[in-house]
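Architecture and fold: a report
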Amino acid sequence: MKTVAQQDGLLAHRLRERRKKARVALMNQVRGFLAERGLVCGRGTAALRRLVQDVLAHSVSGEVTGFFCDQLAGLWREWQELDDQIAEAERMIKAHFQSTVACQQIAEVEGIGPITASAVVAQVGDARSFRSGRQMAAWIGVTPKEHSSGESRCLGSISKQGDTYLRTLLVHGGRAAVRSALGKDDPRSRWIAALVERRGHNKAVVAVANKNVRILW
């Protein structure tokens, strides 16, 4: 069960995620419209932004008509509005983070930033709902599937149960922690480096996410 405060905290995250998806869909459509006119750009948001701005400034050659430019200008305004709405949602998340002591406490864990901390507090609430950190990690879906029988124990890929958004944030945080551990000599960094060498980068990232969930609990 979630309190009203938790529901308010999650609202900003859900709005941000929906608007991000809408922006990606819009960008893909713009990229397709431009490609049909012989205007192809490289990967990434920055390259697409530059091309759109060049087309609107009439500084590129191609099958560009006045009608096309008018429609592209409308799409560009919609894109900028989505940018503003995403920034506003992130300001709400930051305000929730700054006003919640629990968010600030768990953000001290390496790989947990303000957005992840706010999402964890809003989604989980009271961690005493779980008997252990392992149970909380299983609820989020960062524990391996188990196919064991008798004395034979077989662990597979992670279960991916629970909230996809929260799990994605934690895995991204794990990736950042793995990247920052390179070249460091503290016990946690040595553990991460050994894990990367033994299990590979991607499995190490998920393992760090799992470890972080247990620490958060």
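Conventions used here
Residues numbered from 1 in each chain as written. Predicted model: local features only at pLDDT ≥ 70, side-chain atom pairs only at ≥ 80, totals over all residues. Heavy atoms only, no water. Helix = DSSP H or I, 4+ residues; strand = E, 2+ residues; numbered from the N terminus. Rg over C-alpha atoms; globule rule 2.2 N^0.38 Å. Buried < 20%, exposed > 50% of the residue type's maximum accessible area, 1.4 Å probe, protein only. Phe/Tyr/Trp six-rings, centres within 6.5 Å; stacked < 30°, edge-to-face > 60°. Lys NZ or Arg CZ within 6 Å of the ring centre and 35° of its normal. Axes fitted to C-alpha atoms, helices over the stretch in contact; angles between N-to-C directions. Parallel < 35°, antiparallel > 145°, perpendicular 65-115°, else oblique. Left-handed = near helix turned anticlockwise from the far one by under 90°. Contact = heavy atoms within 4.5 Å. Expected span 1.5 Å × (residues − 1). Arc of directions from axis to C-beta.

Looking at the overall build of the protein
Helix and strand counts for the protein come out as nine helices and two strands. Taken from N to C terminus, the helices and strands of the protein fall in the order α-α-α-α-α-α-β-β-α-α-α. Expected size for 217 residues packed as a compact globule is a radius of gyration near 17 Å; at 22 Å, the protein overshoots this value by more than 25%. C-alpha extents for the protein along the principal axes are approximately 70 × 40 × 40 Å. Sorting the 217 residues of the protein into buried and exposed places 36% on the buried side.

Some points on the packing of aromatic side chains
Under the criterion given, the structure shown has two aromatic pairs. With 5.3 Å between their ring centres and 75° between their planes, Trp76 and Trp79 make a pair best called edge-to-face. Note that Trp76 and Trp79 are positioned in helix α3 (residues 66-98) at a spacing of three residues, about one turn of the helix. Measuring from ring centre to ring centre gives 5.3 Å for Phe130 and Trp139, while their planes differ by 50°; the resulting arrangement is tilted. In this structure Phe130 comes out as buried when scored by relative accessible area, which is 12%. The exposure class of Trp139 is partly exposed, given its relative accessible area of 33%. Over the ring of Trp191 we find Lys211, and its NZ or CZ is 5.8 Å from the ring centre.

Some remarks on the packing of helix α8 (residues 187-199) against helix α9 (residues 201-216)
At a minimum axis separation of 7 Å, α8 and α9 run at an interaxial angle of 140°. By the angle between their axes, α8 is oblique relative to α9. Remark: the crossing between α8 and α9 carries right-handed chirality. The residues of α9 that touch α8, namely those facing Arg188, Trp191, Ile192, Leu195, Val196 and Arg199, are His201, Lys203, Ala204, Ala207, Val208, Lys211, Asn212 and Ile215.

A look at helix α5 (residues 114-124)
Counted residue by residue, α5 has nine buried out of eleven residues, so it is predominantly covered. Every buried residue of α5 is listed here: Thr116, Ala117, Ser118, Ala119, Val120, Val121, Ala122, Gln123 and Val124. Just past α5, the residue Gly125 takes up positive phi, approximately 75°.

A word on α8
Along its 13 residues, α8 runs 18 Å from first to last C-alpha, staying within 8% of the 18 Å computed at 1.5 Å per residue. Among all positions of α8, only Ser189, Ile192 and Leu195 are buried. Along the axis of α8, the buried residues cluster in a sector spanning 120°; they form a single face. Looking at α8, the residues exposed on the side facing more than 90 degrees away from the buried face are Pro187, Glu197 and Arg198. Where α8 is buried, its residues touch α7 (164-181) and α9. Gly200 sits one or two positions beyond α8 and adopts a positive phi of about 95°.

Functional significance is not addressed by these values, which are geometric in nature.
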